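Breakdown of the fold
Letter by letter, the chains look like this.
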Amino acid sequence: DRILRHAYLLGTSTRATAELAEQVFGGQLSHQTVSRLGRWLDEQLSAWRSRTIDPIYRVVFLDGMHVNVRGGDLNVMLVMGLTYDGQKEVLGFQVNTGEQCKQLLWDLRRRGLENVELFVSDESSAIRWALAEVFPEVPWQHCTLHRLMALWKAIGDKEYRWQMAKEASNIFRCPTKLAAVERAVAWAGQWRQQAPFAVQRFTEDIGDSLMFYSLPKDWWRKVRTNNYLERLIRTLRMRLDPMGVHYDAPAVERAVFGQLARWHLLGTYTQ
């Protein structure tokens, strides 16, 4: 069982794990039987989702990823906290049909998630509405990388595309928030005639991408973007995709939880 469970956590599909069992032990297991082996994670997942959350997270990141499930796709919403001493921990995740996360956020707050100074995500309306309801007192940072990616797309295939985007990225490296605002105004004046739509798209509510200036300077680079969570999601995809199409939402939850536990991203709870 331990060998097969380890193979499962390494991202092996249930069918391939069954073939491994036959090669190693000489016996035959159906892939349904191998799937049931993953249920040993259910009790641990339930305990993890019931734990008290200490108010030690200065910044919290939110993002989602699609997974293949029999009958259609589902979305896994992940919430990652960054402690005051710089430790990254996944606080919770939820499997649903979209980027809905209000229920997840209420649950995290009920269990102790407080004193957060900044939330960081892309411009998902579902995430923003949920944060506005559950944590209305906490500022929200629109990931600067996502804003720049939207600008790159809005510019289109123009010869000045690279220069325009590079100069825009320098806005977020200014020494103060006031300097960033002044540079954004100057940048808009320089490029508005050539690319009016792109300039409007980029500068609209740009203050949402300058909220990181409210934190100590040594935190600015850490929280300008959602990169911590983006990297985790890319790694999760590398493990989950080889598993093939998941049977249902609980199967997805086991797969995600198993990977997070193996990478020691579940806090002091991790066994």
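Data block above holds the structure.
Please read all numbers here as calculations on a predicted model, not as lab measurements.

Look at any regular strand and the pattern is simple: side chains alternate between the two faces of the sheet. In terms of residue burial, strand β2 (residues 72–83) counts as a mostly covered element, since 10 of its 12 residues are buried. Relative to β2, strand β1 (residues 57–69) is paired through 12 bridges, and the arrangement is antiparallel. Across the sheet, the residue bridging to Asn 68 is Asp 73, located in β2. Taking the residues that link successive antiparallel strands as the turn, the β1-β2 hairpin has 2 residues, and the phi of Gly 71 there is positive, at about 95 degrees. In this sheet, strand β3 (residues 88–96) lies alongside β2 in antiparallel orientation, the contact comprising 8 bridges. Each bridged residue has a counterpart across the sheet, and for Met 77 the counterpart in β3 is Gln 94. Once β2 ends, the chain turns through 4 residues before running back antiparallel as β3, passing Gly 86 with a positive phi of about 90 degrees.

Let's shift gears to the packing of helix α7 (residues 144–155) against helix α8 (residues 161–169). Following both chains from N to C, one finds α7 and α8 inclined at 155 degrees, their axes separated by 10 Å at the closest point. By the criterion of interaxial angle, the relationship of α7 to α8 is roughly antiparallel. The chirality of how α7 crosses α8 is right-handed. Together, Leu 148, Leu 151, Trp 152, Lys 153 and Ile 155 of α7 and Arg 161, Trp 162, Met 164, Ala 165, Ala 168 and Ser 169 of α8 make up the contact between the two elements.

Turning our eyes to something else, we now look at the environment of Ile 53. Within the secondary structure layout, Ile 53 lies in the loop between α4 (41–48) and β1. Residues Ile 53 and Arg 110 lie 57 residues apart in sequence; the distance between their C-alpha atoms is 9.0 Å. Residues in contact with Ile 53, not counting those within four places in the same chain, are Leu 91, Leu 108, Arg 111, Gly 112 and Leu 113.

Reading guide: rules and limits
Residues numbered from 1 in each chain as written. Predicted model: local features only at pLDDT ≥ 70, side-chain atom pairs only at ≥ 80, totals over all residues. Heavy atoms only, no water. Buried < 20%, exposed > 50% of the residue type's maximum accessible area, 1.4 Å probe, protein only. Helix = DSSP H or I, 4+ residues; strand = E, 2+ residues; numbered from the N terminus. Pairing = 2+ DSSP bridges. Axes fitted to C-alpha atoms, helices over the stretch in contact; angles between N-to-C directions. Parallel < 35°, antiparallel > 145°, perpendicular 65-115°, else oblique. Left-handed = near helix turned anticlockwise from the far one by under 90°. Contact = heavy atoms within 4.5 Å.

Remember that the coordinates give geometry; whether it matters functionally is a separate question.
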